[in-house]
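# Reading the structure
Spelled out from the first residue to the last, the chains are:
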Amino acid sequence: MFGSLATWVPSFFLLTLAMKFWMEPKGYRLRSAIWKLVLAAVTLAAIFFSYDSLKGIEPGVSVLVVLMSLKILEAHTAREFQVMVMIAWVLCLCGFFLSQDLVIALCLLAGFALLLVALVQFHGGLSPGSFWPPVGATFKLLAQAAPLVVLLFLLFPRINTGFRFEIDLRSAASGFSDRLSPGSIASLTNSPDIAFRAEFPDRKTRPPGPMYWRGVVMWHCEGMEWRAPYAPAPSPNSSTQSPGDKAIRQRITIAPHDGRWMFALDRPFEVPPKAMLARGNYLWSVQPIRKTRRYEVVSSSEVTGKELRPREREEALEVPASISPAVRELAQSWIAQNSDPRAIVSSALQYFRTQRFRYSLSPGEYKKNDLDQFLFHRRIGFCEHYATSFATLMRLAGIPARVVVGYLGGEYNDLGRFFLVRQSDTHAWCEVWLPDSGWTRVDPTSAVAPGRASLDLNSFLARRIASGDMEARRSAFVTQLTQSAIFTNIRLAWETLNYEWDTRVLGFDADVQESLLASVGIASHRPFLLITETLFIAAALLVIYAGWMQLRTRSRVDRVKALYERFCRKAARLGVRRSTWEGPADFSRRAAQLLPNESERIRQISNTYIALRYSPKSATIIDDRFAKEVREFAAHSRR
């Protein structure tokens, strides 16, 4: 909970736990009601000042953690121990509210199981050192509960649209926003957070060419700062687009980011449900994406919509008045050489390629009016610096231009057969309007960093480091370890497990459940009827299991007792009957007196029986010996 709650809350819990280990042997505990009230008031006030409210998931969980901490300090009875276990189980559920990642789920499952182990040990009256017996009992209980859990998970009607809870993600980091400023993407190069995962159902390999994942199109230019429209308008070409011969179907699972942008390869033309195709040919969600979302989209690399409306042309040529004369002269020099738009684009790329521009993850700080610094002096930058400056130069040269922000590349997972795109793969590029081909993608970063378009960022940086073009950001040992085959296979397997967890468990929403129910022929049932059927099946399974356990654990015939009863019946035939109140020792003494010829054998059988009843450690050996003696006595009595 350290990553979700205020740091002092779980720290306070650990402090009280440590104090309890010190207090318990000495017999100390928190007894004063006044001190309890004071501590409760102080901690509640601290929670209020930490979150500015007592409402919400984080403040509510913090209150439970604090109450649990105070309960630890005052607990000293068996009832309070059981109450603490119950509260701890509730905290496990609250931990799942805070994060539904697979690693968190596994940790919570381990905590839940250990709490059950403690409760089994407590009620079993076992010594503190006996660890494995309660662990075995816990595994049996969890195994017995697993079928019911699976049944309820699959069949119980979904009230919400998924198993993932909607959590406030206003503070969540995202790969980009609707505003692009110098350094905004470079700051994400070390981010391992997952942006989305993509599958290509119709292909066994990756699609040809570089994978540009389109996110947001930005029109408003402020030098080296660009931004997208605050309220995107629908694309006028969305209803007339056609896939052509190069359609690529993608199945994308996007991570929650609290924004509305969705991603697809250039250029999407089929709109998923609850989304629209915005002006600029990018996907825009109707609602903010606050939970994992899975959708299918079809894209085509063919350019569509080769007509530019006058209003769009005007908007795609706007430049701020603060542009310096030197920058304007640079753009005019390209026009003077050749006024053809394609020639101007080639001249601009050649300028970046030949004027010693450098590609760097840490280019330093730029401001929105530092275009002169970037183009004529420092000449070092990341993708956003090259994209924004190139688009501004194109507008100065009279070519409509816009900036596109999304992701480039992705790491392919051979086990799960999907591409993993991280926040570090965030990329910016340009699109210019050419009369004969419409909006055409131009990536000026490729002029400075050849090969970036065909690789994800981590692979590209590893290749640059290996060739000596860039210094390593970590030690050679760590780099070699992360690139080893064993480490890579483990990482890919873990990513595949996370993907299956997100899609199969957290992504099991109402639509997936409806498809499952349709496959078994009960899709048309109403929710109330489905709940009744589910509970009936669960009850039937419980009855069957209870009957099976009853048959397994029913009182079996005690072999030793049966043999002793046989011995008593044999003795009765010889004239010695056993009274109901007589114990084995008394009966054996009386039988030995009445049957002097059998006295020694009777005494041996009695002693063996008594030893067996009170010495279970050697049960097998004594049992066999006792059976042999009874058989010999029976044979001798017949003679």
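Residues numbered from 1 in each chain as written. Predicted model: local features only at pLDDT ≥ 70, side-chain atom pairs only at ≥ 80, totals over all residues. Heavy atoms only, no water.

The subject of this paragraph is the overall build of the protein chain. Looking only at helices and strands, one finds 21 helices and 17 strands in the protein chain. Here the protein chain, with 639 residues, has 44% of them falling under the buried criterion. Taking all contacts inside the protein chain whose residues are at least 6 apart in sequence as the whole, residues at least 24 apart take part in 71%. Of the roughly 34400 Å² of accessible surface on the protein chain, a fraction of 59% belongs to carbon and sulfur atoms. (Helix = DSSP H or I, 4+ residues; strand = E, 2+ residues; numbered from the N terminus. Buried < 20%, exposed > 50% of the residue type's maximum accessible area, 1.4 Å probe, protein only. Contact = heavy atoms within 4.5 Å. Areas by Shrake-Rupley, 256 points an atom, 1.4 Å probe, with all protein chains shown as cover.)

Moving on: the sheet that holds strand 13 (residues 401–408). Spatially, 7-3-13-16-17 is the arrangement adopted by the 5 strands of the open sheet, whose pairing is antiparallel. The two strands at the open ends of the sheet, each matched to only one other strand, are strand 7 (264–265) and strand 17 (438–442). Bridge analysis of strand 16 (residues 426–434) against strand 17 gives 5 bridges, and the strand direction is antiparallel. When the sheet's bridge partners are listed, Glu-431 is paired in strand 17 with Arg-441. (Pairing = 2+ DSSP bridges.)

The topology assignment puts Arg-279 in the loop between strand 8 (275–278) and strand 9 (282–285). The exposure class assigned to Arg-279 is buried, which follows from its relative accessible area of 16%. For Arg-279, the side chain forms a polar contact with the side chain of Glu-315, separated by 3.2 Å. Once residues within four sequence positions are removed from consideration, Arg-279 is found in contact with Trp-219, Pro-229, Ala-233, Pro-234, Ser-235, Arg-309, Glu-312 and Glu-315. (Polar contact = N/O pair within 3.5 Å; in protein donor to acceptor, adjacent residues only side chain to side chain.)

For the structure on display, the rule yields 27 aromatic pairs. Summarising the aromatic geometry, the rings of Phe-81 and Phe-122 are spaced 4.6 Å apart at their centres and angled 35 degrees between planes, so their arrangement reads as tilted. In this pair, Phe-81 sits in helix 4 (residues 78–98) while Phe-122 sits in helix 5 (residues 102–124), placing the two residues 41 residues apart along the sequence. Among the aromatic residues, ring-to-ring pairing joins Trp-334, Tyr-351, Phe-352, Phe-357, Tyr-366, Phe-374, Tyr-386 and Phe-390 into one connected group. Against the face of Trp-219 rests Arg-279, its NZ or CZ located 4.4 Å from the ring centre. The aromatic ring of Trp-439 is capped on one face by Arg-402, whose charged end is 3.9 Å from the ring centroid. (Phe/Tyr/Trp six-rings, centres within 6.5 Å; stacked < 30°, edge-to-face > 60°. Lys NZ or Arg CZ within 6 Å of the ring centre and 35° of its normal.)

This paragraph deals with the nonpolar core. Counting 86 residues, the largest nonpolar core has Phe-196, Trp-213, Phe-352, Leu-375, Phe-390, Met-394 and Val-432 as its most contacted members. Of the residues forming this core, the biggest block, 8 residues, is contributed by helix 11 (residues 383–396). In terms of nonpolar packing, the next biggest core, distinct from the first, is built from 19 residues, Ala-6, Leu-91, Cys-92 and Leu-119 among them. (Core = buried A, V, L, I, M, F, W, Y, C linked by side-chain atoms within 4.5 Å.)

What follows is about unusual backbone geometry. Cis peptide bonds are those with omega within 30 degrees of zero, and the linkage from Asp-266 to Arg-267 qualifies with -20 degrees. Relative to the helices and strands, Arg-267 is located in the loop between strand 7 and strand 8. Positive phi, normally seen in glycine, also occurs at Asp-52, with a value near 65 degrees. By the element assignment, Asp-52 lies in the loop between helix 2 (33–51) and helix 3 (57–74). Judged by relative accessible area, which is 62%, Asp-52 ranks as exposed. With a phi angle near 60 degrees, Asn-281 is a residue other than glycine that sits in the positive phi range.

Inspection of the secondary structure assignment puts His-385 in helix 11. Among the residues examined, His-385 registers a relative accessible area of 1% and is labelled buried. In terms of polar contacts, His-385 uses its side chain to reach the backbone amide nitrogen of Phe-382, at 2.9 Å. Apart from the residues lying within four places of it in its own chain, the contact partners of His-385 are Pro-182, Gly-183, Met-224, Pro-363, Tyr-366 and Phe-374.

Attention now goes to helix 8 (residues 325–337). With 13 residues, helix 8 extends 18 Å between its outermost C-alpha atoms, agreeing within 8% with the 18 Å of an ideal straight helix rising 1.5 Å per residue. Considering only its buried residues, helix 8 is in contact with helix 9 (341–354), helix 10 (371–378) and helix 11. (Expected span 1.5 Å × (residues − 1).)

As a further point, take the packing of helix 8 against helix 9. Between helix 8 and helix 9, the least distance of the axes is 9 Å, while the angle of their chain directions is 130 degrees. Compared by their axis directions, helix 8 and helix 9 come out oblique. In the crossing of helix 8 with helix 9, the sense of the turn from one axis to the other is right-handed. Facing helix 8, whose interface residues are Leu-330, Trp-334, Ile-335 and Gln-337, helix 9 presents Ile-344, Ser-347, Ala-348 and Tyr-351. Across the contact of helix 8 with helix 9, the residue classes break down as 6 nonpolar, 2 polar and no charged. (Axes fitted to C-alpha atoms, helices over the stretch in contact; angles between N-to-C directions. Parallel < 35°, antiparallel > 145°, perpendicular 65-115°, else oblique. Left-handed = near helix turned anticlockwise from the far one by under 90°. Nonpolar A, V, L, I, M, F, W, Y, C, P; charged D, E, K, R; others polar.)

Applying the stated rule across the entire model yields 24 salt bridges. Where Glu-80 meets Lys-71, a salt bridge forms, and the shortest distance between an N and an O atom there is 3.8 Å. Under the relative-accessibility criterion, Glu-80 is labelled buried at 11%. Here the residues in one salt-bridge network are Arg-214, Asp-266, Arg-267, Arg-402, Glu-431 and Arg-441, joined through shared partners. (Salt bridge = Lys/Arg side-chain N within 4 Å of Asp/Glu carboxyl O.)

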